[in-house]
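# Examination of the molecular architecture
Next come the chains, spelled out residue by residue.
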Amino acid sequence: MLEYSPSRRELLKTGMASVATGMALMSLPEFIFAGQAADEELVPFQNVPRSTPNSLDWETLTEWLTPQDQVFSVQHYGIPEVNAAKYELEIAGLVERPQKLTLEAIRALPKQDQFMTLECSGNGSSPGFSNAVYNSRWTGTPLAPLIKECGVKAGAIEVVFFGHDRKSETLRPGTPRELTVEVPFGRSLSLDDTLKLNLLLGYERNGEPLAQRTGAPVRLIVPGWYGIANVKWLRRIEIRDRRYMGRYMGRDYVTVRGERQGSEVVFVESSVTRMNLKSAIARVTRRPAVDGKVPLKAYGAVWSDGTPIAKVDVQLDGGDWRAAKLDEQPLEKHSWRFFSIELGSVAAGKHTLVSRGIDANGHIQPSAKDDEIALKKTYWEAYQQWPREISVEA
Amino acid sequence: MSVATGIGHRRIMLLMAVALAGAGPRSARLMAEEQPGVVEGIVTYRADPKRPWRYGRYYIKQAKTGELADAVVALRGGKLEDGGDKPPAKTVTIDQKNFQFLPETAVIRAGDSVKFTNSDQATHNVQVSGDIASLNVTMPAGGSHTARFDRAGGIRQPLKVGCVFHSAMQSWIFVFDHPHFQLTPQDGRFRLEGVPPGEYELEIVHPAGDLRRRRRVMVAAGQTLHVDISISPDDKK
């Protein structure tokens, strides 16, 4: 169980205080990283669209826990209104003792915090969709004890999480066997994963009740898995003896990728599940030019499915990869880590920067040209390196 | 950036000609009374560190002085009318480039057209919604679509433009039934010429910043009224 320790709270407060002090001193720019020097100025990216509300604003990334106004939300069946006062979560299916839990009953159960970076699996699939990631302290109650308490029957292999959101789905459209049915949104996990992954029934984010668009009153929290697994507006948890094949398990959120098998490229369809190792440069700053050369510094974030991060490298204009400095704190298994790197001085003109994460298993975040990305035919799991273009004046 | 500051020059010239031809005191008085005025000034943003404007950096280049770009400045009420001296209809281009609309805000007169273009390799869409017009077209790579906007919503009823495929893409079109409007450039300056003397609301809206400010102004014949507008987080709608 993760604790929200006084030292961490103190640390975060200190970080925010230093930001606030910086703001007061400088008045503008309005956003600075903790540790950023007063003479550092933002160098805007040339190949990144302007940020908009309700998505991460990379260039002003200052807070390890993302503010609510930068939290993205994606929903496939609309945003349902769920009355918290009448809310009931059902645990049913292959269990000896089905349960119905009100929000009050869920809140009365043992409380647990989970720090977690949540990313949409399509994040990074285009310059217009690269802000769908945020970090949070989720609060809820662990699900595994509840499932066990219900008494799982023999033969159970799958746990399906249904939301309150519903929509008509048409299967085999345009064929004689076309079929349209109204279905609730659903995603599933194996029973084994459900009991091992430290899932939460989450009802608070950063100490506040969930917002409607992010799943109020209760959503599933699946540490280390892409956003789609973290089912919002949770209505029913059903234990089954068959694999669930709803649209978002069996048809969408299926990565199609070519894999080299000898001299052959074989296309394999796999489910979008755990998050991939990923890093991104959040912002580049400059200092006043010296002898016509401009000192640059880059800041960024790196995250994974919980596999420890070993290193982040940054490359400038196709040169050597150089190790960035990873922040020692805050450090949580499932949350992003911030990094920074002094890039030295560059001549006026256009420059390209890119970062790559390397995890404890030696896995390196691929570039868009590497097979695992280049042979991927679907946009989910867009974890390729993100080159950032800048233009500096002396 | 589209800037429209149409002036009723023909009418002024005609009045002057009439006045000179008549050469009487009454005509001279008429000329003086009818001579249009000018409203000019500069729009700045006064930041409040306690209420930071996260996206202000896109519109404010000089942080210390705060000159605000992409603010719509327009007169409202008074004697404003779409007279007979309307210039030929124009076509303004809004491009979809690097997954954003450029320009993000456009100001036009009723009867003008907007040519939407897609310079990206990706397929976009143009969805225009508002009380005065609606539109929903797919924009293939390299594609274009031109739409004429005949109804004016003025500064209070802009058209919101988006792309259904890329929700972060945003744009606004303001359609006016008079020529006294402008979009501020990087230096935040505006100059509304040819304004008939009278009392007006000078309105300033920054759609991306959700900022709005109104101010009563009296335009005197033949005079230039200088009005500097300082907007702050207090002006958030």
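A brief report on the enclosed structure follows. Keep in mind it's a predicted model, so treat the numbers as computed, not measured.

Reading the values: the criteria
Residues numbered from 1 in each chain as written. Chains lettered and ligands numbered in written order. Predicted model: local features only at pLDDT ≥ 70, side-chain atom pairs only at ≥ 80, totals over all residues. Heavy atoms only, no water. Contact = heavy atoms within 4.5 Å. Buried area = accessible area lost by both parts, 1.4 Å probe. Salt bridge = Lys/Arg side-chain N within 4 Å of Asp/Glu carboxyl O. Polar contact = N/O pair within 3.5 Å; in protein donor to acceptor, adjacent residues only side chain to side chain. Nonpolar A, V, L, I, M, F, W, Y, C, P; charged D, E, K, R; others polar. Buried < 20%, exposed > 50% of the residue type's maximum accessible area, 1.4 Å probe, protein only. Helix = DSSP H or I, 4+ residues; strand = E, 2+ residues; numbered from the N terminus. Pairing = 2+ DSSP bridges. Phe/Tyr/Trp six-rings, centres within 6.5 Å; stacked < 30°, edge-to-face > 60°. Lys NZ or Arg CZ within 6 Å of the ring centre and 35° of its normal. 1 Å grid on protein atoms, 1.4 Å probe; cavity = no way out; pocket = protein on both sides within 12 Å on 5 of 7 lines; lining within 4 Å. Points joined across faces, edges and corners; volume = space filled by probe spheres on them.

## Thoughts on the interface of chain A and chain B
In this assembly, 25 residues from chain A lie in contact with 21 residues from chain B. Counting the surface lost from both chain A and chain B, the interface buries some 2000 Å², and carbon and sulfur atoms represent 53% of this. Our count for the chain A to chain B interface comes out at three salt bridges. At the surface where chain A touches chain B, the tally comes to eight residue pairs in polar contact (both at pLDDT 80 or more). Looking at side-chain class alone, the side of chain A that touches chain B contains nine nonpolar, ten polar and six charged residues.

## Considering the pairing of strand 11 (residues 170-176) of chain B
Residue and element names in this part refer to chain B. For strand 11, the tally of buried residues reaches seven of seven residues, placing the bulk of the element in the interior. Inspection of the sheet shows strand 5 (residues 105-109) paired to strand 11 by five bridges, in the parallel sense. Bridge pairing links Ala106 to Ile173 in strand 11.

## Some points on the packing of aromatic side chains
Two measures describe an aromatic ring pair: the distance that separates the ring centres and the angle between the ring planes. Under the defined criterion, the tally for this structure stands at 19 aromatic pairs over all chains. Considering the side-chain rings of A:Phe162 and A:Tyr244, the 5.6 Å spacing of their centres and the 90° angle between planes classify their relative orientation as edge-to-face. Separated by 82 residues along the polypeptide, A:Phe162 in strand 6 (residues 158-171) and A:Tyr244 in the loop between strand 11 (234-240) and helix 5 (247-251) bring together distant segments of the chain. The pair formed by A:Phe162 and A:Tyr244 is uniform in burial state, with each residue classed as buried. Members of the aromatic cluster, each reached through a chain of ring pairs, are A:Tyr77, A:Phe185, A:Tyr248, A:Tyr253, A:Tyr379 and A:Trp380. Over the ring of A:Trp58 we find A:Arg388; its NZ or CZ atom is 5.8 Å from the centre of that ring. Over the face of the ring belonging to B:Trp172 we find B:Lys160, whose NZ or CZ atom lies 4.6 Å from the ring centre.

## Quick word on the layout of surface pockets
As a volume, the second largest pocket reaches approximately 1100 Å³. Looking at the second largest pocket, it is lined by 43 residues, and the ones nearest its centre are A:Val74, A:Phe129, B:Phe165, B:His166 and B:Ser167. Of all the secondary-structure elements, those providing two or more residues to the lining of the second largest pocket are helix 5 of chain A together with strand 10 (159-162) of chain B. Here the residues of the lining of the second largest pocket sort into 20 nonpolar, 18 polar and five charged.

## A look at the pairing of strand 16 (residues 309-316) of chain A
Residues and elements named next belong to chain A. Judged by how many residues are buried, strand 16 sits mostly within the fold: six of eight residues are covered. Relative to strand 20 (residues 349-359), strand 16 is paired through seven bridges, and the arrangement is antiparallel. Bridge assignment links Asp313 to a residue of strand 20, and that residue is Arg356. Here strand 16 runs beside strand 17 (residues 321-323); their pairing, made up of three bridges, is antiparallel.

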